[in-house]
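Spelled out from the first residue to the last, the chains are:
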Amino acid sequence: MERFDYLIPAVRGRAEKGSGRLALPMELGVEYGGFASWCVTVFMDRTGRKPGGQDIILFLNRKEELAEEGYEITITKEKIQVSASTERGVVWALTTVALLLEEESVPCGTISDSPKYQHRGLSVDCARHFFPAAEIKKIIEEISLAKMNVLHWHLTDDQGWRIESRRFPGLQKMSGQYYSQEEIREVCEYARLRGVEIIPEVDMPGHVSALLAAYPQYSCGEKPVKIKTGGGIFPVILCAGKEAVFDFLKDLLMEVTGLFPGERFHLGGDEAPKTEWKKCPCCQAKMLELGLEDWEELQGYFMSRVSEILAGLGKTAVCWNETLCAANHPQKMQAQYWTLEQRKAMEPYALAGKEWIYSDMFELYLDYPYSMTNLKKVYETIPHLGEEDVSGKEGLLGMEGCLWSEHITKCEKLEKLLFPRIYALADNTWSGADKYEEFTSRLTQAIASPLHQGILYTSRDWWTPTGPERQQEAFAYMASLSANMSEEVKEETMDSSSASNEEFGRAFMTKFFQPEDIPILMGEMQK
């Protein structure tokens, strides 16, 4: 069975095997055809080759009419010809060639390929628990091999601030573990060479306990704040009424954005309780000054101010879909949809053709165990709002899986939760989900490639769990969610979260659990 037959993601276009193979010499002559030389660097590293040699083996050709990330490959017994319109297209073409390499040769044939979605992403939370830069690079390499093109790097939250700031050193001093500016630049360059965009997230105005532990003057009450050690939603957030907060954020973002070369920057905007704002004279005065009708509009004002700061720094804001609850939300932003509680605010935005990313928690949150979000569910995910299939709507950029790390402390667990589910998402977002059994057959063969060695996978017998073991794992996970929360934090979290929403509650039980689980769940909830 040729590796032609089990590529992940599958070719979305034409793949025809020829006869014979091309022996790939250790030194490859390259004709770059006007492309920057960096786009072959990772191919050389992955295959153990280096540029050189008397004979040109690899020919690159710029073909402007191809899709931005599309490519064409022709492999004969004498040479490899690659056509693309961008360097990223070349990266994906050569990724395919590297995956085809077996016993120092590649099969002859032709491939014409391009992705279904332009945004094929993974979000990894390194704020709740810290994972070293080497692990982040390892994940980037794996998603790049699967032609996923975005790593959304969640770097700040209530439990930690993970970005070195030389302007405000108290941030990392309070948090302990963090990435140096040199490490961040190195990770970004590592990703760029692999066709992966890094979107950093600095969450605000909520999820900022770590920031306020260092600089409490930017909250409403200006009282000491502790970094949190467990999950939850916490009431103390950035003050929206003090001009000093925006001055601080401008200085901070000017420093932080300089570390990330990508065009997009995530501002969060999720789970921001308004408890402190409602008691704050500065926030009340700002509401009156601007004639705002409710507290959501005060958040709209806050997010718009910060998104304007980003625009001045050459960045586009990405925000979680709660941001759309305010009529005065930022006008130039991309929304990331994760929760149906704000679906009604999301629908007109999406149906108007504005740009957004699909990350529905019931399908694409990968911190949930396989017993709740199995491989098949991820593979068959179709973007929808309510009952409406929106997978073909203008403005939908693509899909992104998310992994939150409140309960993940080890790299081993991180990898097993991600892999192989991330390959299911990769196949879905590049090729489109088709036949699950055929996909798992390809997957079993594909992960045996030497390029995937060193990654820890969940074993095949647990990709789609069944029986009492599934139920046991799912219930144990649910019990762990609040196991270390104080009663006060539990109450604050419930008051601020979508768990109190009736539609959300129904979806939680029916999308994560099976009919036989419901009586047990109902009994647990009534305790």
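See the structure shown above.
Small disclaimer: the values here were computed from a predicted structure and weren't measured.

Enquirer: So what about the sheet that holds strand 15 (residues 356-358)? Which residues, and what values?
Expert: The 8 strands lie next to each other as 7-8-11-12-13-14-15-18, forming a closed barrel whose pairing is parallel. Taking the axes of each pair of neighbouring strands and ignoring which way they run, one obtains an average angle of 30° across the sheet. Pairing analysis gives 3 bridges linking strand 14 (residues 333-337) to strand 15, with the strands arranged parallel. Counted as the bridge partner of Tyr337 is Tyr358 from strand 15. Packing of helix 11 (residues 343-351) onto the sheet brings it into contact with strand 14 and strand 15, and relative to strand 14 it is tilted by some 135°.

Enquirer: Outline the packing of helix 7 (residues 243-257) against helix 10 (residues 295-312), supporting the account with residue identities and numerical values.
Expert: Contact geometry of helix 7 with helix 10 gives a least axis separation of 10 Å together with a crossing angle of 40°. For helix 7 against helix 10, the interelement crossing comes out right-handed. Counted together, Glu243, Val245, Phe246, Leu249, Lys250, Leu253 and Thr257 of helix 7 and Tyr301, Phe302, Arg305, Val306, Ile309 and Leu310 of helix 10 form the full contact between these two elements. In the contact of helix 7 with helix 10, the residues fall into 9 nonpolar, 1 polar and 3 charged.

Enquirer: I'd like to hear about the packing of aromatic side chains, residue by residue, with values.
Expert: In the structure shown here, the tally under the stated rule is 30 aromatic pairs. Seen from their ring centres, Trp153 and Phe260 are 6.4 Å apart, and the 85° between their planes marks the pair as edge-to-face. Remark: Phe260 occurs in the loop between helix 7 and strand 12 (264-268) and Trp153 occurs in strand 8 (residues 150-154); sequence separation between them is 107 residues. Across the pair, Phe260 and Trp153 agree in class, each one buried. Aromatic pair Tyr436 and Phe439: ring centres 6.4 Å apart, planes at 40°, arrangement tilted. Taken as a pair, Tyr436 and Phe439 lie in helix 16 (residues 436-446) at a separation of 3 residues, close to a single helical turn.

Enquirer: Which residues make up the packing of helix 3 (residues 133-145) against helix 5 (residues 181-193), and what values do they have?
Expert: Between helix 3 and helix 5, the shortest axis-to-axis distance is 10 Å and the interhelical angle comes to 10°. Overall, the two elements helix 3 and helix 5 adopt an arrangement that is roughly parallel. Contacts between helix 3 and helix 5 pair Ala133, Ile136, Lys137, Ile140 and Glu141 from the former with Glu183, Glu186, Val187, Tyr190 and Ala191 from the latter. Here the contact of helix 3 with helix 5 is built from residues that sort into 6 nonpolar, no polar and 4 charged.

Enquirer: Please give an account of the side chain of Asp270 that cites residues and values.
Expert: Considering the arrangement of structural elements, one finds Asp270 in the loop between strand 12 and helix 8 (275-279). Engagement of the side chain of Asp270 in a polar contact is seen with the side chain of His207, the distance being 3.5 Å. Setting aside chain neighbours within four positions, we find Asp270 in contact with Asp203, His207, Trp320, Glu322 and Trp338.

Enquirer: Tell me about the nonpolar core, and please be specific about residues and values.
Expert: One broad rule of soluble globular proteins: the nonpolar side chains tend to lie buried together. Counting residues in each nonpolar core, the largest one holds 124 residues, and the members touching the most others are Ile136, Trp153, Leu238, Phe302 and Trp356. In contact with Trp356, not counting residues within four places along its chain, are Ala335, Tyr337, Met346, Tyr349, Ala350, Leu385, Val390, Gly395, Leu396, Leu397 and Gly398. Membership of the second largest hydrophobic core comes to 35 residues, among which are Leu7, Val40, Ala93 and Leu100.

Enquirer: Help me get a handle on the pattern of salt bridges, residues and values and all.
Expert: Per the stated rule, a full pass over the model turns up 34 salt bridges. Here Arg442 makes a salt bridge to Asp427, at a shortest N to O gap of 2.8 Å. Residue Arg442 is found in helix 16, and its partner Asp427 is found in helix 15 (residues 421-431); the two are separated by 15 residues along the sequence. A relative accessible area of 1% places Asp427 in the buried class. Each of the salt bridges in this network shares a partner with another, and the network as a whole consists of Asp125, Arg128, Asp157 and Glu406.

Thresholds, definitions, all that
Residues numbered from 1 in each chain as written. Predicted model: local features only at pLDDT ≥ 70, side-chain atom pairs only at ≥ 80, totals over all residues. Heavy atoms only, no water. Pairing = 2+ DSSP bridges. Helix = DSSP H or I, 4+ residues; strand = E, 2+ residues; numbered from the N terminus. Axes fitted to C-alpha atoms, helices over the stretch in contact; angles between N-to-C directions. Contact = heavy atoms within 4.5 Å. Left-handed = near helix turned anticlockwise from the far one by under 90°. Nonpolar A, V, L, I, M, F, W, Y, C, P; charged D, E, K, R; others polar. Phe/Tyr/Trp six-rings, centres within 6.5 Å; stacked < 30°, edge-to-face > 60°. Buried < 20%, exposed > 50% of the residue type's maximum accessible area, 1.4 Å probe, protein only. Parallel < 35°, antiparallel > 145°, perpendicular 65-115°, else oblique. Polar contact = N/O pair within 3.5 Å; in protein donor to acceptor, adjacent residues only side chain to side chain. Core = buried A, V, L, I, M, F, W, Y, C linked by side-chain atoms within 4.5 Å. Salt bridge = Lys/Arg side-chain N within 4 Å of Asp/Glu carboxyl O.

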